[in-house]
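Chains, contacts and geometry: an overview
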Amino acid sequence: MPIVTIGFLILMSTFIFLIFTHQNETKEFFSIGSLQSNIIKNYFESEKVFYYYEKLLEYNEYKTVKEFVEEGAVPDDCNKRWKFNSDCEPDFREYFKQILSEKIEGKYKELGINQEMEVYFTDFSFPSGSNSAKVEYNGEIKIKKQPLINFQELEQLKSCIESSIKEINKCSPESSSGSIYKFRKKIADILDENLEPEEIFLEFEIDTKNSGLGIFS
Amino acid sequence: MKKGDESALTILVSLIVLMIIISQYFIFFVFFPHKIIQPDSQQYIGSEIDLPLMTFVKLNSDLIVISAKNNDYNDLEKKIDELEFDGCWELKIKDRTFNKNNCDIKNPETTIMNIPDYSNNQIKIILNVNKE
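Numbers given to residues run from 1 along each chain, matching the order in which its sequence is written. Each chain takes a letter, starting from A, and each ligand takes a number, starting from 1, following the order in which they are written. A pLDDT threshold of at least 70 governs which residues receive local features in this predicted model, and a stricter bar of 80 or more applies before side-chain atom pairs are shown or counted, although totals over entire chains, interfaces and linings include all residues.

A count of helices and strands for chain A gives 5 helices and 7 strands. Secondary structure follows DSSP: runs of H or I at least 4 residues long count as helices, runs of E at least 2 residues long count as strands, and numbering of each begins at the N terminus. Moving toward the C terminus, one meets the helices and strands of chain A in the order α-α-α-β-α-β-β-β-α-β-β-β. Taken over C-alpha atoms, the radius of gyration comes to 32 Å for chain A, far larger than the 17 Å a tight globule of 217 residues would show. In terms of principal-axis extent, the alpha carbons of chain A reach across some 120 × 35 × 30 Å. Looking at chain A residue by residue over its 217 residues, the buried ones come to 20%. Our radius of gyration is a C-alpha quantity, and the globule rule it is checked against amounts to 2.2 Å times the number of residues to the power 0.38. Backbone-placed C-beta atoms define the burial measure: a residue is buried with 20 or more other C-beta atoms within 10 Å of its own, exposed with 12 or fewer, and partly exposed in between.

What follows is about the confidence of the model for chain B. Residues and elements named next belong to chain B. Summarising the model, chain B shows a mean pLDDT of 83, and 82% of its residues fall at 70 or more. Scored from 0 to 100, pLDDT records how confident the predictor is in each individual residue. Within chain B, no element has a lower average pLDDT than helix H2 (residues 33-36), which sits at 51, and none a higher one than strand S1 (residues 89-93), at 95. We call two residues in contact if the C-beta atoms placed from their backbones are at most 7 Å apart. Taken together, the stretch residues 39-43 has pLDDT below 50 and engages in 12 contacts with residues farther than four places along the chain or on a different chain.

This part is about the pairing of strand S6 (residues 180-191) of chain A. Residues and elements named next belong to chain A. The sheet contact formed by strand S5 (residues 175-177) and S6 spans 3 bridges and is antiparallel. Along S6, the bridge assignment pairs Ser176 with Tyr181. The hairpin turn running from S5 into S6, its antiparallel successor, is 2 residues long, and Gly178 in that turn takes a positive phi close to 65°. Whether two strands pair depends on DSSP finding at least two bridges between them. Relative to strand S7 (residues 197-207), S6 is paired through 11 bridges, and the arrangement is antiparallel. Residue pairing across strands places Asp189 opposite Glu199, the latter belonging to S7. If you look at the hairpin formed by S6 and S7, you'll find 5 residues sitting between the two strands, and Leu195 has a positive phi there, around 60°.

Attention now goes to helix H3 (residues 34-70) of chain A. Along an α-helix, residues three or four apart share an orientation, since each turn contains 3.6 residues. What a helix should span is 1.5 Å times the count of its residues minus one. The first and last C-alpha atoms of H3(A) sit 54 Å apart over 37 residues, in line with the 54 Å expected at 1.5 Å per residue. Following H3(A) by one or two positions, Gly72(A) has its phi on the positive side, about 75°.

All names here are of chain A. With respect to topology, 3 strands assemble into an open sheet ordered S2-S3-S4, the strand pairing being antiparallel. Edge positions in the open sheet fall to strand S2 (110-113) and strand S4 (134-145), since each of these has one partner strand only. Between one strand axis and the next, the sheet turns through 30° on average, direction left out of account. In terms of strand pairing, S2 meets strand S3 (residues 117-129) through 4 bridges, oriented antiparallel. Bridge pairing in S3 places Leu111 opposite Val119. Angles run from 0 to 180 degrees between N-to-C directions of axes, and those axes are lines fitted to C-alpha atoms, restricted for helices to the stretch in contact. Contacts between H3 and the sheet are confined to S3 and S4, with S4 contributing the most and set at about 20° to the helix.

Before going further, it helps to examine unusual backbone geometry. Positive phi outside glycine occurs at Leu195(A), with the angle close to 60°. The residue Leu195(A) is located in the loop between S6 and S7 in this model. Unlike most non-glycine residues, Lys94(B) shows phi in positive territory, near 55°. The topology assignment puts Lys94(B) in the loop between S1 and strand S2 (96-98). C-beta crowding within 10 Å serves as the criterion here: with 17 such atoms nearby, Lys94(B) is assigned to the partly exposed category.

Shown next as structure tokens:
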């Protein structure tokens, strides 16, 4: 009986020794399975798609900012001259949204510009599965960012002009000639088509005698 | 049966049961896992090359765009040369292929990333790494 017991103890010790020496190998087998690998890969794929749309929005915003100032933030036929209570009264967010939506036409579902700019481009879906489980990683590609243009500042300038048309110098025009006041304001830093930095200035004018506010007109 | 014989038999049975349990543990966790629970390592390796490509593209996207636009890859090539992968690898940007070591990729592991250029066209970036 003692011999049998000692024999068992020797065998058990050997097994325990072997288990501990193989411990590193056994750990590897629990590292990651094919389903988990696919989930990681799908996450990376979604990151790539997100980045694509982030860059798409970034470049199109640069182009939009440039076009936004070309005509003084008002339609072409206003000739850079603001006139309140008419089609030549600037509506900054709406005008910016209109230009941007033309630039990314057919590539987005929804576009909103408030405190932040939010563009819902598309949906993504990356299914993965194994014999035992199916996992679908899906969602919406929505890009949210601060607009390059500080619309609040522009609104303040507009309000200043509107409320102080008699004393328009309070609003810091760059120059004036008779009743026509010219304004020039830096509104953004962008990258141009050669991806070189460029400062963007909004230039427009106001004819105080024909401002649409009915004071001097 | 004497009282001593009974306790010896109990010990013997207990030891045998214990031996069977430990033997099973030993057999299942040391020998079988090699064949049964092996992960799909190829897919996992695929994910491992995604991250370096994404990092490279995110850090150099403007340079990639301007290089592709001007068809001048000199500055970008310096950045590509800083990339390091185990074994042979190549990076394709649009129709240009960069293979630092001029080596053959016999068994490629591929990952692709697209970025837009300034005119909303797509630039395709493909990384091929030779599988070990």
